[in-house]
Amino acid sequence: MIEINKLKSFEEDKHNIFQTFLASENDTNLLFTTAKKFLEKSQPEPTLTIKICEKIHKIYEEKEIQNKKIKSIIQEEDNWKLSISNELLNKHHDYKEELEKIQKNKEFYEFLPSSIKSNVLEYQRKMLDVSMLMVKSAYNIYNDSMIRLKTSKQQQQPQQQDKMDVDSNEHEEAIDSKQLENDYLQSFNKVLNQAIKNIIPSFAIDIAKFLKENNLPMICTRVCKELAIKISSERKLERDTLKKSDSGDLDQVMYQVIETCIGSIFDTISKLDQKVKVSPHLITDRELSDLTMLKNGELLKEFIEFILPDYLQSPEGIIKIGQYLLSINQYNHVVLVAERGRIRLEKLKKEQVEKDQLQQKLQSLTKEIESIEKVSGSADEKRVELVQLEREFSVYKMYPTYYSMNKRDFSKHNLDIATLRIKSILEMKDASKGVLNIQSHLDDTLKTLLDPNHIYQLAVLLQKTEIDTALVYGERCQRFITDLEILREVRLPLTLRIKELENEETTLRLDGRTISEEKKTELQQLTEKISNLPEFPFFSELTNRNEYDRLNLQVAQMMITCVLEKKSKLSTSKDQAQKDRLNQQVSALIIMCLEKFKDPKYLLELEKHLSKLSREDKVVIQIANQIFNRCDEIEQLRFERVSLEKKEKETTDDLEKSKITEQIKQLPIFPYYASLSIENQYDETVYEAAEQLMTFLLGNISFIDEKLRKSKLFNIKNIEDEQLIKDRDEIEKLVIESLSNCLKYVRSPSLVCKFANALGAKRESLYLDISKHIHPILHEKHNQSMEIKKHQFLIETLNLELSDLSKMKKEMPEADIELLQSTTDRMKTIQFPYLEQWVRSSYYHSQLVSNGIKLLLKNKQEYQSPTSISKTELTNLIKLNQENFIEQFKLLSDYLEDPKSFTEILTQLRVSNDFENVTEVGKLAFAKLKQFREHQNKVKELNEKKKVLVEEREQLNKQRRRLSTEKHVALREITITEHLNSLLEPYYNANLDSLALTIGSVLIEANTCERSEFEIKASSKAFENQFKYISEQRKRINDTISQTIKLVVENIESIQDLLKFTNDLYQKKEYLLVLQVGKIIEASLEQKKNTIEHKENLLKEIKELQGKYLHSQNPKDREKIQAFIDQNQQEYDSINLAEHTYEVNKELTIQITKLMIESASIEDQGDILREQLILSFKNTTSPLDWDRIRNISNEEEWAETKKELVIYIMKREENINSKIELLLKDLLFEEAIQIFPHPSSDNDQELDIQLNLLASLYDAVDQHAFHLINGVIPIIQRYAKRCYIEWKYEKLDILYDSLQKRFPKEIISIFTVAIDMMLVNILQSQYPLFLNMMKSMKNRLVATLGLDGLWEEFLAGFRKNYKSKKRLIQMISLIGDSVWQINVNPNSITGKQIAKRTLPQSSQSIHKKIKVSAPTPLTANTPKKDVTKKSDQDFEEEFLDEDLNENDNDEVQNEEEELEATDEE
């Protein structure tokens, strides 16, 4: 007992402490924080939290009451101020003092702190936070109580052992537990009611969301109902006070409340279902009962019936709720929402009518008061009534915007509701597996719709499942459209006339006048008449006559789709009567469409629609024919109207003009959807219709073929093969007929080509049929179009001539005027569509032929690849492909001109290994190139004629005279021809050589490819021992290649292009062909060279004759000479070589010989190689070629050839030193002596080279042709003289070294002559140099040669001849003295210096002598050494090696001579 008392005292102490805390004046923030802490403790105290929240609520309420009191005072003063302002307007009293006091009170109120000012949103936010805390605490208590109750049940069950005890106590415990649950729920509801009591709905919705999150749908639904009632009260308060609610948009808040409630219901169902599946032992009885009720849908139904439409009044909100329910598959409730939405719309219409009536009353009463006051009457009673009405009408200002909806918005909402209803009942029927009867709902929905567009949209929803109802909707839509069009035709003319009269009346009233009495009467009659007519629907536009054309088409398409769907479902039925009815229905719909729709584009859409849905071939053909005829009819109407309008503009006679105007009025009305200014505007439509038709028919054939294939493949017995074959044959006939009909209407060449490509991809025979049809037409129309263009150019040219003559103030001849007039009149009567396309017929010929060949080759390749087609079918297809190719080849030979297309076709044939046709196509291509060349030659002739005529005309114009009539007409014809030529395709004026080169390259590639493949086959076992066949085929292929080469060469005039062709052959390693073409090129180059030489000779003759003419005094002789001059000049002018000069000829010759040399080397053609090397040497005089010729020639050949080639060496303009070197190598000393140059005086380096050459020449002549040595000595003397004169005596050592071996006396002779020249003008300063030269000579004669006597003899003669040079003689006498060694220093004059011993200058030279050895030519019986296969680089390397060896030998020899000289010295 003591412990129990202690516990009671503890609880009392806790209660006292808490009460003391509540009684104390604490800040609301502190209270709220404390309350939160009590709830967030580890052992929460939710009861204490609730009590603190109640305390906070009380504080907030008291504070808000005070704030509202202050606000009401300020509001009252504002009202006073407003009333005073009204009194001031009437000027009855001056309220200055009152206004000042009101202003002071307002300033004082603004000075007060914001805490005592009323702020509804802040107050509501704080109240919401406290209320949410209260609700969370109450839910915590409720949840803990339910858990304890569930736990106690589970604990009691194991303790009840006796069955009788269980049965007796079970009922009592169930009652107790239910009672406890209800008690807990009531306690929670009590706190919940207290929490949301003073919170506005826009904030209280957060509490509803909390209930939704915690799976309390029943309580959430109750709270949402209370919130809905609050919102309704707020809405009423708005209209009473004319002030917006603090909750904002009440309709939006209401929608959120409903959405929260519905979401709570279905979220709870989902969570409880999951809980039952996963943890059934944790679910409570309340949750089970809630789940049962929620699944029954009664709660949601009750809520919807409660809330709609009295509380949620926005149509958009109702529709959104319906859409939300539809998204979660609550179809029954969607129907209910739709019904409630419809009721709301009806009620809204009535309220809108009431508003309109009240507005009309206001307007009429206002007018009445104005009229009374105008006559100074009393209108006080009326004004009181007006104020009352204005007050009533002002309530509507607080109404939402949907109260002002227009009829279109009403209609849209009506459609949305109807759509919801239709979708939900369709889903309900689908869920019931077709058992549910929904026809009454569909009929009721149709009654609510008036707009045809809306009816059609619902019909589209129904067409997949409710076909019959969709047809009913479609019929209703069409009937409404028909009624509207009838009403429009009656009402529109009246409306337009009324507007016209009213506008006229307004215009006259501004001028102070009125309309006539007749028009007034007419206006009244029209107004009465139109008022008696039904009002035109709001959803349609009165002036838009063709508003429903597209809708009509869409409805018709939908209805046809429905009927065809029904027909497809009866395909396996035996009810023929039903099938017949459906066929009649389809026919009736098609006839109706063809009668109603005149726009070809609409008909095309209908055709496409039917093509996708059905296989009604005759129906599609019928529509396509209607499109063709209608397009033709529109074009005819356009042409007639445009022609008459043009004629009307050009006519000046009033009577004639009026007649034409009447004719125009009598023409049928031109369709609004067509344009008068666009010619052939429906070509694309006709093309699309034709393509769609043919694609559709071919698709049907493919469908039947697939059925037959499956029938054979799987042995399907229920397929009637015979009937299918009959159907296929019938469709084949339709294809032929339809193609013929389509080609009558698809007239544009470009579209015909497009049509052929489109159908060719599906069936190649159709491509060929179209090609056969269009090619002759293209050819014929091209000729006609060029004739028309000729007339146009004639008119243009004549007009230009007339303009020029008018400027010159001259008259045009009557014949030309008549020609201009007649041609112009004739052109006016000509109608020739697609003129520009017919002019370009060659382009379309090329496109058709090229694409046709490509298509056939592609199909051929596909037939050769593995396929599922049977062998018989495949054989037939291949045979048909071959036949079609033959036909296509005929078209190619007759109509193709474009070289580019020829090249493409040749490439395609080569790729497909069709070598036989490659050759034939190549021949045709070259034949066309010949035609183009003839055309270009004619153009050149015309240009020359025109040039002559234009020059003559210019000369005559200067003399104020005109060309003769014949020449003038000829010039005109040339001008017109030039214009016509400008219309031709570019390849008529292209570089034909380049085109021939391209075609030739492709042909050669194909021929060589054929040869390679044949050689591969010939080496296989299949052709073993078939020698005759292989030989014949090789001969045939080689003949073909030769013919191709001949064709190419014949068609290429430019040598440069022929050279390109040869290079191409070389790149393809066709070396024998290179030799064959190269001979032709060389012959042509030789001819060109002869022509150049002949032209040069003519020029020389002309100059000589001109010189003779000038020197001749005899007139007769002069005449003869002038005749020769003119003859030669004419011949000279006739030779036109363009830019082909001798240098160009030479360069081209070098290029071709290089190719032929390499090709001959590779193919081991020795004779050709030698011939080409000789030709190459004649143009290049290359030492390499010279050696190669010598190496491959025998002794006799080389002897003859060498004589022939020496001439070319002598003519060379290159460096003469290289010529001499070349001549020395082949012992041509006489020629070398003949051309040896004079010594160079400017360049020491060049002089050294020449001296080295001269030494080499002397050594070679001395060794191999001594009889010519006397020819070399003078040259040596010449060079010695030059060297001594320039004091360059040391350079002569290399010559003296060679000369001293056989002619030592000649050296002293040369030296003596040189001294005689030098001493004539020698200066004493040059004595040292002279003595040095003397010493060098003494060393050579005495020390080297041992000719002491010769030196003494020379010295004696020197002393005798130059006695006067005593000083010089004295110095010479001391040359041998060891004391006086004279240094070889040109800068030293007389100084005695000890000279260093130096080697002879010859041993120091950087230039090596040319080693000349006697060649050993091949004898006639000796086989030629095969050196031709070596490249130029190989030869250069050999010669370099030889030079190096020679240099090495020379160095060794020089070293030996140096040693010998040293020993002797």
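Residues numbered from 1 in each chain as written. Predicted model: local features only at pLDDT ≥ 70, side-chain atom pairs only at ≥ 80, totals over all residues. Heavy atoms only, no water.

> Any details on the overall build of the chain? Residues and values, ideally.
Helix and strand counts for the chain come out as 54 helices and zero strands. Sequence-distant contacts in the chain: of pairs separated by 6 or more residues, those separated by 24 or more amount to 74%. Entry remark: accessible area of the chain is about 84,100 Å², with carbon and sulfur atoms responsible for 50%. (Helix = DSSP H or I, 4+ residues; strand = E, 2+ residues; numbered from the N terminus. Contact = heavy atoms within 4.5 Å. Areas by Shrake-Rupley, 256 points an atom, 1.4 Å probe, with all protein chains shown as cover.)

> Break down unusual backbone geometry for me, with residues and values.
What you tend to see is this: most non-glycine residues have negative phi, and most peptide bonds are trans. Across the junction of Leu308 and Pro309, the peptide omega takes the value -5°, indicating a cis bond. Looking at the element boundaries, Pro309 is found in the loop between α11 (298–307) and α12 (315–327). Despite not being glycine, Asn680 shows a phi value in the positive range, around 50°. For Asn680, a relative accessible area of 18% gives the class buried. You will see that Asp1164, though not glycine, has its phi angle at about 60°, which is positive. The topology assignment puts Asp1164 in the loop between α41 (1142–1163) and α42 (1166–1180). (Buried < 20%, exposed > 50% of the residue type's maximum accessible area, 1.4 Å probe, protein only.)

> Pulling in residues and values, what's your account of the environment of Cys53?
Along the chain, the position of Cys53 falls in helix α3 (residues 46–90). By relative accessible area, Cys53 is classed as buried at 0%. Considered as a pair, Cys53 and Met127 are 74 residues apart in the sequence and their alpha carbons are 9.4 Å apart. Not counting the four nearest positions on each side in its chain, Cys53 is found in contact with Ala35, Val130, Leu133 and Met134.

> So what's going on with the packing of aromatic side chains? Which residues, and what values?
The way to describe two aromatic rings as a pair is by their centre distance and the angle between their planes. Counted according to the given criterion, the structure contains 17 aromatic pairs. Taken together through their ring pairs, the aromatic side chains of Phe393, Tyr396, Tyr399, Tyr402 and Tyr403 make up a single cluster. Arg840 extends its terminal NZ or CZ atom over the ring of Tyr843, reaching a point 4.4 Å from the ring centre. Its end group placed over the ring of Tyr1132, Lys1095 keeps NZ or CZ at 4.8 Å from the ring centre. (Phe/Tyr/Trp six-rings, centres within 6.5 Å; stacked < 30°, edge-to-face > 60°. Lys NZ or Arg CZ within 6 Å of the ring centre and 35° of its normal.)

> Summarise the nonpolar core; cite the residues concerned and give the values.
In terms of nonpolar packing, the biggest core is built from 214 residues, with Phe188, Leu192, Leu211, Leu325, Tyr473 and Phe755 touching the most fellow members. Contacts of Leu211, omitting those with residues within four sequence positions, involve Phe188, Leu192, Leu216, Ile219, Cys220 and Val223. Judged by nonpolar contacts, the second largest core, of 68 residues, contains Val1074, Leu1148, Leu1155 and Ile1192. (Core = buried A, V, L, I, M, F, W, Y, C linked by side-chain atoms within 4.5 Å.)

> Any chance you could break down the pattern of salt bridges for me, citing the residues and the numbers?
As enumerated under the stated definition, the model contains 48 salt bridges in all. Among the ionic pairs, Glu633 bridges to Arg630, the shortest N-O distance being 3.2 Å. In this pair, Glu633 and Arg630 are both assigned in helix α23 (residues 617–650), three residues apart and thus about one turn of the helix distant. Taking relative accessible area as the criterion, Glu633 reaches 41% and is therefore assigned partly exposed. Judged by relative accessible area, which is 10%, Arg630 ranks as buried. Arg638 is paired through a salt bridge with Glu635; the nearest N and O atoms lie 3.0 Å apart. One end of the pair, Arg638, and the other, Glu635, are both in helix α23, three residues apart, so they sit about a helical turn from each other. Overall, Arg638 belongs to the buried group, its relative accessible area being 8%. It is possible to trace a salt-bridge network through shared partners that takes in Asp705, Arg728, Glu732 and Arg763. (Salt bridge = Lys/Arg side-chain N within 4 Å of Asp/Glu carboxyl O.)

> I'd like a description of the packing of helix α18 (residues 467–510) against helix α19 (residues 517–531), backed by residues and values.
Direction vectors running N to C along α18 and α19 enclose 145°, while the axes themselves pass 10 Å from each other. Between α18 and α19 the crossing geometry is left-handed. Contacts from Arg491, Leu494, Thr495, Arg497, Ile498, Leu501, Glu502, Glu504 and Glu505 in α18 reach Lys519, Glu522, Leu523, Leu526, Thr527, Lys529 and Ile530 in α19. Among the residues making up the contact of α18 with α19, the classes are represented as six nonpolar, two polar and eight charged. (Axes fitted to C-alpha atoms, helices over the stretch in contact; angles between N-to-C directions. Left-handed = near helix turned anticlockwise from the far one by under 90°. Nonpolar A, V, L, I, M, F, W, Y, C, P; charged D, E, K, R; others polar.)

> Lay out helix α22 (residues 600–613) in plain terms, naming residues and giving numbers.
Because the α-helix completes a turn every 3.6 residues, residues three or four places apart line up on one side. Taking 1.5 Å per residue as the helical rise, α22 with its 14 residues ought to reach 20 Å, and the 20 Å between its terminal C-alpha atoms agrees with that figure. Along α22, the residues classified as buried are Pro600, Tyr602, Leu603, Leu604, Leu606, Glu607, Leu610 and Ser611. (Expected span 1.5 Å × (residues − 1).)

> Kindly report on the side chain of Arg972, identifying the contributing residues and their values.
Secondary-structure assignment places Arg972 in helix α35 (residues 965–982). For Arg972, a relative accessible area of 5% puts it in the buried group.

> Tell me what's going on with the packing of helix α50 (residues 1304–1318) against helix α51 (residues 1327–1344), and back it up with residues and numbers.
Running from N to C, α50 and α51 point in directions that differ by 170°, and their axes come no closer than 12 Å. On the basis of the axis angle, α50 is roughly antiparallel to α51. Contacts between α50 and α51 pair Ile1307, Ile1308, Phe1311, Ile1315 and Met1318 from the former with Phe1330, Met1333, Met1334, Met1337, Arg1340 and Leu1341 from the latter. Here the residues of the contact of α50 with α51 are counted per class, giving 10 nonpolar, no polar and one charged. (Parallel < 35°, antiparallel > 145°, perpendicular 65-115°, else oblique.)

> Got a sec to walk through helix α8 (residues 217–241)? Specific residues and values, please.
Its 25 residues give α8 an end-to-end C-alpha distance of 35 Å, which sits within 8% of 36 Å, the value for a rise of 1.5 Å per residue. Just downstream of α8 lies Leu242, where phi reads positive at about 55°.

> Residues and numbers for the confidence of the model for the chain, please.
Taken residue by residue, the chain gives an average pLDDT of 79. The fraction at 70 or more is 83%. Within the chain, the lowest mean pLDDT, 41, falls on helix α54 (residues 1432–1464), and the highest, 94, falls on helix α27 (residues 749–760). When the criterion is pLDDT under 50, residues 1–7 qualifies, and its contacts beyond four places in sequence or with other chains add up to zero contacts. Low pLDDT (under 50) marks residues 86–92, which in the prediction has five contacts with non-local residues, meaning those over four places away or in another chain. (pLDDT = per-residue confidence, 0-100.)

> Now, about the environment of Leu216: what can you tell me, with residues and values included?
By secondary structure assignment, the location of Leu216 is in the loop between α7 (201–213) and α8. Through-space distance from the C-alpha of Leu216 to that of Ser264 is 7.5 Å; in sequence the pair is 48 residues apart. Contacts of Leu216, omitting those with residues within four sequence positions, involve Tyr139, Tyr142, Phe188, Leu211, Ser264, Thr268 and Arg286.

> I'd like a description of the side chain of Arg344, backed by residues and values.
Its place among the elements puts Arg344 in helix α13 (residues 331–374). Ignoring any residue separated from it by four or fewer positions in sequence, one finds Arg344 in contact with Pro309, Gln313, Ile318, Glu351, Tyr402 and Tyr403.

> How would you summarise the state of the cysteines if you had to cite specific residues and measurements?
In total, this model carries zero disulfides according to the counting rule given. Cys220 takes part in no disulfide bond, and the closest cysteine sulfur, belonging to Cys224, lies 4.0 Å away. In this structure Cys220 comes out as buried when scored by relative accessible area, which is 0%. You can call Cys224 buried: its relative accessible area is 0%. (Disulfide = S-S within 2.5 Å.)

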